[in-house]
Amino acid sequence: MEQAKSKEKDKYRCIVCGYIYDPEKGDPDGGIKPGTSFAAIPDTWVCPLCGVDKNSFELVRDYEEVIP
Ligand SMILES: [Fe+2]
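What you see is a predicted model, and the numbers here were worked out from it, not measured in a lab.

## Looking at the overall build of the protein chain
Helix and strand content of the protein chain: two helices and three strands. Burial analysis of the protein chain (68 residues in total) assigns 29% to the buried set. By sequence separation, contacts in the protein chain at least 24 residues apart represent 42% of the contacts at least 6 residues apart. By element, 50% of the accessible surface of the protein chain is carried by carbon and sulfur atoms, the whole surface being about 5000 Å².

Here's what the structure looks like:
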């Protein structure tokens with residue numbers, strides 16, 4: 001149950017430039033509202049920093065542990 005709950009908040013990292021997508025913040029400049037899970041982002045969305053598509057993002061599993 002906890003895994004399903006946290007999935008909405010999963011962060012994803014751009015493997016090209018290191019940009020991290022945080023669902024809690026969204027990407028207002030890219031038209032993504034805060035609270036939008038990565039899975040719910042349209043396929044037309046691209047990295048705001050380097051412009052690659054969603055396929056170039058990977059799940060960040062250790063983010064919570066890295067940030068105090
Ligand atoms: Fe990027």
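There is more to say after this.
## So, the environment of Gly-35
Relative to the assigned elements, Gly-35 resides in the loop between strand 2 (20–21) and strand 3 (57–60). Relative accessible area serves as the criterion here: at 55%, Gly-35 is assigned to the exposed category. Separated by 11 residues in the primary sequence, Gly-35 and Glu-24 have C-alpha atoms spaced 4.7 Å apart. With near-sequence residues (within four places) excluded, Gly-35 lies in contact with Pro-23 and Glu-24.

## Comments concerning the pattern of salt bridges
Following the criterion strictly, the structure yields two salt bridges and no others. With a closest N to O distance of 3.0 Å, Glu-58 and Arg-13 form a salt bridge. Separated by 45 residues along the polypeptide, Glu-58 in strand 3 and Arg-13 in strand 1 (residues 11–14) bring together distant segments of the chain. For Arg-13, a relative accessible area of 26% corresponds to the partly exposed category. Of the charged contacts in the structure, one is a salt bridge between Asp-43 and Lys-54, with a shortest N-O distance of 4.0 Å. Separated by 11 residues along the polypeptide, Asp-43 in the loop between strand 2 and strand 3 and Lys-54 in the loop between strand 2 and strand 3 bring together distant segments of the chain. Judged by its relative accessible area of 67%, Asp-43 falls in the exposed class. Taking the relative accessible area as the measure of exposure, Lys-54 reaches 14% and is therefore buried.

Criteria and thresholds
Residues numbered from 1 in each chain as written. Predicted model: local features only at pLDDT ≥ 70, side-chain atom pairs only at ≥ 80, totals over all residues. Heavy atoms only, no water. Helix = DSSP H or I, 4+ residues; strand = E, 2+ residues; numbered from the N terminus. Buried < 20%, exposed > 50% of the residue type's maximum accessible area, 1.4 Å probe, protein only. Contact = heavy atoms within 4.5 Å. Areas by Shrake-Rupley, 256 points an atom, 1.4 Å probe, with all protein chains shown as cover. Salt bridge = Lys/Arg side-chain N within 4 Å of Asp/Glu carboxyl O.

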